[in-house]
Amino acid sequence: MRAKRDIENSLATEADEKGWWRKKLMFQSISSNDILDFPEITERDLNILFTGSYQLSQAVSYLAEMVDKDDKVNLQFLKDQTNVLKLQVQSRHISRKIYRCFIKYKPNSVGISGLLQYACDCANGRRTVGCCSHIAAIVYYLAHARYLSKLLKPAEILSKMFQQDNIIPVIEEDSDED
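What you see is a predicted model, and the numbers here were worked out from it, not measured in a lab. (Residues numbered from 1 in each chain as written. Predicted model: local features only at pLDDT ≥ 70, side-chain atom pairs only at ≥ 80, totals over all residues. Heavy atoms only, no water.)

### Notes on the overall build of the protein chain
For clarity, the cut-off: The secondary structure listing takes helices from DSSP runs of H or I that are at least 4 residues long and strands from runs of E that are at least 2 residues long, numbered from the N terminus. Contact between two residues is taken to exist if any of their heavy atoms lie within 4.5 Å; hydrogens are not considered. In short, Shrake-Rupley with a 1.4 Å probe defines the accessible areas, and a residue's cover is counted only from the protein chains shown.
Looking only at helices and strands, one finds six helices and five strands in the protein chain. Secondary structure elements in the protein chain, listed N-terminal to C-terminal, are α-α-β-α-α-β-β-β-β-α-α. Nonlocal contacts in the protein chain, meaning residues at least 24 apart in sequence, comprise 64% of its contacts between residues at least 6 apart. Roughly 11,100 Å² of accessible area belongs to the protein chain as shown, and the carbon and sulfur atoms make up 49% of that amount.

### Some details on the nonpolar core
Generally speaking, nonpolar side chains in soluble globular proteins are found buried as a group. To keep things clear, this is the line we draw: Nine residue types can take part in a nonpolar core, namely buried Ala, Val, Leu, Ile, Met, Phe, Trp, Tyr and Cys, and a core is a set of them joined through side-chain atoms within 4.5 Å. Whether a residue is buried, partly exposed or exposed follows from its accessible area with a 1.4 Å probe, protein chains only, as a fraction of its type maximum: under 20%, in between, or over 50%, in that order.
Within the largest apolar cluster, 40 residues are counted, with the highest numbers of intra-cluster contacts made by Phe38, Phe50, Leu85, Ile103, Ile135 and Val139. Elements supplying a minimum of two residues to this core: helix H3 (43-49), helix H4 (53-66), strand E3 (84-90), strand E4 (98-105), strand E5 (115-120) and helix H5 (133-143). The element contributing the most residues to this core is H5, with nine residues. Counting eight residues, the second-largest nonpolar core is a separate cluster that includes Ala12, Trp20, Trp21 and Val84.

### Things to note about the packing of aromatic side chains
Each aromatic ring pair is characterised by the separation of its centres together with the angle its planes make. The test is simple: Centres within 6.5 Å make a pair out of two Phe, Tyr or Trp rings, where for Trp the six-membered ring is used; the pair is then stacked when the planes are under 30 degrees apart, edge-to-face when over 60, and tilted otherwise.
Within this structure, the stated rule accounts for three aromatic pairs. Ring geometry for Trp20 and Phe102: centres 5.2 Å apart, planes at 45 degrees, overall tilted. Pair noted here: Trp20 is in the loop between helix H2 (10-18) and strand E1 (28-29) and Phe102 is in strand E4, with a separation of 82 residues, a long-range link. Relative to Tyr105, the ring of Phe38 lies with its centre 4.9 Å away and its plane at 50 degrees, an arrangement referred to as tilted. Taken together, the residues span a long stretch of sequence, with Phe38 in the loop between E1 and H3 and Tyr105 in strand E4 at a distance of 67 residues. In this structure, Phe38 and Tyr105 share a single accessibility class: buried. Chaining the aromatic ring pairs together yields one cluster made of Trp20, Trp21 and Phe102.

### With respect to the side chain of Gln55
To keep things clear, this is the line we draw: Whenever two N or O atoms come within 3.5 Å, that pair is a polar contact, provided that in protein one can donate a hydrogen and the other can accept it, and provided that, for residues adjacent in sequence, both atoms are side-chain atoms.
Turning to its location among the elements, Gln55 is positioned in helix H4. The class of Gln55 is buried, set by a relative accessible area of 12%. Among the polar contacts made by the side chain of Gln55, one reaches the main-chain carbonyl oxygen of Cys132 at a distance of 3.4 Å. Those residues in contact with Gln55 that sit more than four places away from it in its chain are Phe50, Cys131, Cys132, Ser133 and Ala136.

### Observations concerning the state of the cysteines
Note the following rule: Any two cysteine sulfur atoms within 2.5 Å of one another count as a disulfide.
In total, this model carries zero disulfides according to the counting rule given. A disulfide-free cysteine, Cys120 has its sulfur positioned 3.5 Å from the sulfur of Cys101, the nearest such atom. Here Cys132 stays free of any disulfide, with the sulfur of Cys122 as its closest cysteine sulfur at 3.7 Å. Owing to a relative accessible area of 5%, Cys132 belongs among the buried residues under this scheme.

### Concerning the pairing of E4
As a reminder, the rule being used: Pairing between two strands is assigned when DSSP locates at least 2 bridges connecting them.
Burial runs high along E4: six of the eight residues are buried. The sheet contact formed by E3 and E4 spans seven bridges and is antiparallel. Among the inter-strand pairings, Val84 is bridged to a residue of E4, identified as Lys104. Looking at chain direction, E4 and E5 are connected through five bridges and run antiparallel. The partner of Phe102 across the bridge, within E5, is Ala119.

### Some details on unusual backbone geometry
Here the phi dihedral of Ile35 falls at roughly 55 degrees; this positive angle occurs in a residue that is not glycine. Relative to the assigned elements, Ile35 resides in the loop between E1 and H3. Taking relative accessible area as the criterion, Ile35 reaches 8% and is therefore assigned buried.

The quantities given are spatial measurements derived from coordinates; they are silent on function.
Structure, rendered in structure tokens:
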């Protein structure tokens, strides 16, 4: 972490110089069969990359918001170079805001050493230690979650709790047991 702390994000600089932030790019929807050469990373290594479990939980949560009712991930990508992936991610807070993310990786590698650089146009997107939530969600999906049998949706159990068997919760105002 200390070694990376003072390093400039050269991928962000490259994106500036080549106009990737502004240029109109032809993105396409991603599926689990796309970008199969992306490094596979364990959840333990993702914790290290994200500098802790909080960012990993944010990535899981952000990814859950990107998944529609048919379990399809709403993520757009373009791969016009062998090892640089260009993506756009919908903001979770502002409906009209879309972030552009760039990830440079070593194709067909395993572990966090295969993830070379990343950049995003959000306020925290030029980090070299850790990463923003947009990059974390993308990396989590491409490197780990798409290999799972089902994508985890953190609050799914809460939304289904009272739908089973038409149970209607009753709260009595005068009861101390509620």
